[in-house]
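Coordinate analysis (summary)
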Amino acid sequence: MLEPFFHGFILALGLILPLGVQNVFVFNQGVLQPRFVHALPVIITASICDTLLILVSVLGVSFVILGSFWIKIILIGAGCIFLIYMGWTTWNSKPSNESEREVSANKFSLKKQVWFAASVSLLNPHAIMDTVGVIGTSSLRYQGEDKVIFAFASILVSWIWFFGLSLIGRISGKLDESGNFMLILNKISALVMWGAAVYLLFTLFSK
């Protein structure tokens, strides 16, 4: 029982650690929101989306998705458009101090938070192919209870990670009352998003 748990935990941790669009968005919300509880919609949405992707991968639907050329094209196209849009929005956002961050956060409605969090989770083809492909393939070695434990461990990583990441963002935002850190972070975040879009296009046309 310990083997599938540790296998799933370490595998999921390795996939979620790299700086990506989803991580950047969750961290930014931790910085931006005036209270940690206000970042919970983003944290919970991102965690639920990861949970769904992992369950899909373990159940074997991943091989249908990864085996369809047109589904890949649609995912990559939608993902690139969304990443470019998100990068542009993030690049042009300019919070300067804690009070302005609070105003900006208040304008970022609950519906918009959930929509953005779901989008960066589900419209990121690279993350889908990595998570669904790697975890789905690795789960094939397990059956029954062991497969359930493997899936649970993988899902647990997402929930712990997003809560922790947002909390670190919250602490960072409190230490930076001038807003300069957030301004620099926005520029870095936008570059990460645009870089991800370029990478997706490169992988599409290189095949």
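Cut-offs used in this document
- Residues numbered from 1 in each chain as written.
- Predicted model: local features only at pLDDT ≥ 70, side-chain atom pairs only at ≥ 80, totals over all residues.
- Heavy atoms only, no water.
- Helix = DSSP H or I, 4+ residues; strand = E, 2+ residues; numbered from the N terminus.
- Expected span 1.5 Å × (residues − 1).
- Buried < 20%, exposed > 50% of the residue type's maximum accessible area, 1.4 Å probe, protein only.
- Contact = heavy atoms within 4.5 Å.
- Core = buried A, V, L, I, M, F, W, Y, C linked by side-chain atoms within 4.5 Å.
- Phe/Tyr/Trp six-rings, centres within 6.5 Å; stacked < 30°, edge-to-face > 60°.

What follows is about helix H2 (residues 21-32). For H2, built from twelve residues, the straight-helix expectation of 16 Å at 1.5 Å per residue is met to within 8% by its first-to-last C-alpha distance of 16 Å. Most of H2 is tucked away: twelve of the twelve residues are buried. Buried residues of H2: Val21, Gln22, Asn23, Val24, Phe25, Val26, Phe27, Asn28, Gln29, Gly30, Val31 and Leu32, and no others.

So, about the environment of Trp159. Within the secondary structure layout, Trp159 lies in helix H9 (residues 144-175). Expressed as a C-alpha distance, the spacing of Trp159 and Asp50, which sit 109 residues apart in the sequence, is 8.7 Å. Not counting residues up to four positions away in its chain, the partners in contact with Trp159 are Ile44, Ser47, Ile48 and Thr51.

Moving on, we come to the side chain of Asn23. By the element assignment, Asn23 lies in helix H2. Asn23 gets classed as buried once you look at its relative accessible area, which sits at 6%.

The next subject is the nonpolar core. In terms of nonpolar packing, the biggest core is built from 23 residues, with Phe25, Val26, Met86, Val120, Phe162 and Met193 touching the most fellow members. Of all the elements, H2 adds the most residues to this core, at six residues. Leu11, Val58, Ile135 and Tyr142 belong to the second largest nonpolar core, which has eight residues in total.

Next up on the list: the packing of aromatic side chains. According to the stated counting rule, one finds six aromatic pairs in the structure shown. By way of ring pairs, the aromatic residues Phe5, Phe6 and Phe9 are connected into one cluster.

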